[in-house]
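Take a look at the letters that make up each chain.
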Amino acid sequence: MQLESNAFPSRPAWIEIDLDQLRRNLQLIRRELPSGVQLLAVVKDEAYGHGAVDVARVALEEGAWGLGVSTLEEAMALRDAGIRAPLLLLGERQPEELPWCVAHNVTICINQPSTAIALAKVAARQNKCVPVHIKINTGMNRYGVRWDNAIELIEFIGSLKSLHLEGVLSHFAQSDEADKTFANLQTARFNQVLGTMAERGLRVQYRHMCNSGGFLDLPHAHFDMVRIGILMYGVFPSAVCRRIAGIQPVMSVKARIAGLQNLNPGDVVGYGMRYTARSHRRIAIVPLGYADGYPRIVNQGHVLIHAKRAPIVGGVTMDAFMVDVTDIPEVRLWDEVVVMGRQGAEQITVHDIARLKNSVSYDVLAGWRPRLPRKRLFTGLTPHQAQGATVLEGAHGTGQ
Ligand SMILES: *Cc1c(COP(=O)(O)O)cnc(C)c1O
């Protein structure tokens, strides 16, 4: 038996990515988009922890126009994987990144004149005319040129021979809450810019404003393209936004029970002795902790074992936490535990964990750490996936 240092068994805790469900989610999203409205699949941060290359391939097979990322490194990783689709880099670029963007056909957002000037020089030097998307700040006050003086920058870009204005975009500060007042104000400001552009004969192919929340709840803001992240991963951005039946989470987090302890009354559990048994209890050890991205909670939260809920006792440690399985007597060593996801009729949602973390679903998805191996599930429905394959395990260190 060869015991290669790169072919060892993976640890008994992992992330499962259901690429078939990702495909179904994309199909459901596409079905709701009027023809002519393009989909930009947002795959920043390793596709919210789902694996950027896998997600990008499925999204492009399902008709996405292009991919949104936020760092040059993310863009280069997709290019290195052979992905040739349009890439839109969100955020701002340092001047030294621009030659790589131009050389590898990575489209950037222009938020200010200095970036337009620098990019135009780089493009001219490489004998290229490159597409750009101009970002309009309609009230979020993160990136972008203010709506009330955007037209000068748009005209300026129009005057630069090595730049081609392909897109105009903005971003909602709040799109998934019941109150759409501010979203409507932002849309009106965006429309004001578009109106002035039309008056001055400034043409643009793609006008886009919506993230998942906007796609669901603000159909009058769909324009020519929507930028979808979290919804494609099967997670609704808020509790109140519109639902689409059939959209389900793509990611689950699982582990295997790595130990069992029998407690007598008065015994304690974990650092700081934060839990004391009042009666005879049976405790199972889940080998996953806050260093994997699980919240560092104490005596709250649950996991699923044998499709039943087992409460966490004591505090979550760096590499493990303990759950009470007294009421699930069939539990054995190495049984499967669902930390996030479904088991039988029970489910622990991304939002449940977000609540424990005092944060939002986005942070939970992005917060699982690379030391959790990522296993891809699919049934071989697609050209690039081997027929009949069921479970493939991502390489160790396939980082988020
Ligand atoms: C992350 C991001 C999105 C995607 O947002 P979701 O709510 O995940 O759909 C869209 N646009 C921009 C500018 C983003 O940064």
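Residues numbered from 1 in each chain as written. Predicted model: local features only at pLDDT ≥ 70, side-chain atom pairs only at ≥ 80, totals over all residues. Heavy atoms only, no water.

## Re the overall build of the protein chain
The number of helices and strands found in the protein chain is 11 helices and 22 strands. Taking the principal axes of the C-alpha coordinates as reference, the protein chain spans close to 80 × 55 × 40 Å. Each of the 400 residues in the protein chain was classed as buried or not, and the buried ones make up 53%. Sequence separation of 24 or more characterises 66% of the internal contacts of the protein chain that already satisfy a separation of 6 or more. (Helix = DSSP H or I, 4+ residues; strand = E, 2+ residues; numbered from the N terminus. Buried < 20%, exposed > 50% of the residue type's maximum accessible area, 1.4 Å probe, protein only. Contact = heavy atoms within 4.5 Å.)

## Overview of unusual backbone geometry
Positive phi, normally seen in glycine, also occurs at asparagine 299, with a value near 50°. Summarising the element assignment, asparagine 299 is placed in the loop between strand 15 (281-286) and strand 16 (302-305). Of the residues examined, asparagine 299 reaches a relative accessible area of 36% and is grouped as partly exposed. A positive phi is found at asparagine 358, a non-glycine position, where the angle reads about 55°. Structurally, the position occupied by asparagine 358 is in the loop between helix 10 (350-356) and helix 11 (361-367). Residue class for asparagine 358 comes out exposed when judged on its relative accessible area of 75%.

## Considerations on the site of the ligand
Taken together, 13 residues are adjacent to the ligand, and Lys44, Tyr48, Ser212, Ile230 and Tyr362 come closest. A distance of 2.8 Å separates a nitrogen atom of the ligand from a polar side-chain atom of arginine 227. Measuring from an oxygen atom of the ligand, one finds a backbone N or O atom of isoleucine 230 at 2.8 Å. Protein chains shield 93% of the accessible area of the ligand, which is 390 Å² for the free molecule. Breaking the shell around the ligand down by element, the ones donating at least two residues are helix 2 (44-49) and strand 10 (225-228). (Near = heavy atom within 4 Å. Polar contact = N/O pair within 3.5 Å; in protein donor to acceptor, adjacent residues only side chain to side chain. Areas by Shrake-Rupley, 256 points an atom, 1.4 Å probe, with all protein chains shown as cover.)

## Some thoughts on the environment of glutamine 248
Along the chain, glutamine 248 falls in the loop between strand 10 and strand 11 (251-256). Ignoring sequence-local partners within four residues, the contact set of glutamine 248 consists of Gln21, Asn25, Tyr233, Gly234 and Arg342.

## Looking at the environment of arginine 256
With respect to the helices and strands, the residue arginine 256 is situated in strand 11. When its relative accessible area of 32% is taken as the criterion, arginine 256 is described as partly exposed. Those residues in contact with arginine 256 that lie beyond four places of it in its chain are Pro12, Trp14, Ile285, Pro287, Trp334, Asp335, Glu336 and Val337.

## Brief notes about the pattern of salt bridges
Enumeration according to the criterion identifies 20 salt bridges in this entry. Glutamate 155 is paired through a salt bridge with arginine 200; the nearest N and O atoms lie 3.3 Å apart. Linking glutamate 155 in helix 7 (residues 150-159) with arginine 200 in the loop between helix 8 (181-199) and strand 9 (206-210), this pair joins segments that are 45 residues apart in sequence. The class of glutamate 155 is partly exposed, set by a relative accessible area of 33%. Shared partners join several salt bridges into a network, and the residues in it are Arg11, Asp292, Asp319 and Arg371. (Salt bridge = Lys/Arg side-chain N within 4 Å of Asp/Glu carboxyl O.)

## A look at the state of the cysteines
For the structure shown, the criterion picks out 0 disulfides. With no disulfide partner, cysteine 101 has as its closest neighbouring cysteine sulfur the one in cysteine 109, 11 Å distant. In this structure cysteine 109 comes out as buried when scored by relative accessible area, which is 1%. (Disulfide = S-S within 2.5 Å.)

## So, the pairing of strand 17 (residues 308-313)
Within a regular beta strand, the side chains point alternately toward one face of the sheet and then the other, so they alternate between its two faces. Across 4 bridges, strand 16 lies against strand 17 in antiparallel orientation. Bridge pairing in strand 17 places valine 303 opposite alanine 310. Between the end of strand 16 and the start of strand 17, which pair antiparallel, lie 2 residues, with histidine 306 showing a positive phi angle near 50°. Of the strand pairs in this sheet, strand 17 and strand 18 (residues 321-324) are connected by 2 bridges, and their pairing is antiparallel. Bridging from a neighbouring strand, isoleucine 312 pairs with valine 323 of strand 18. (Pairing = 2+ DSSP bridges.)

## Some details on the pairing of strand 6 (residues 130-137)
Of all 8 residues in strand 6, 7 are buried; the element is thus mostly enclosed. One ladder, built from 6 bridges, connects strand 6 with strand 8 (residues 163-169); its direction is parallel. Bridged to lysine 135 within strand 8 is leucine 169. In this structure, strand 6 lies alongside strand 7 (residues 145-146), joined through 2 bridges in parallel fashion. When the sheet's bridge partners are listed, asparagine 137 is paired in strand 7 with arginine 146.

## Notes on the confidence of the model for the protein chain
For the protein chain, the average pLDDT comes to 94, and 95% of its residues sit at 70 or higher. Residue range residues 383-400 is modelled with pLDDT below 50. Its contacts to residues more than four positions away, or to other chains, number 49 contacts. (pLDDT = per-residue confidence, 0-100.)

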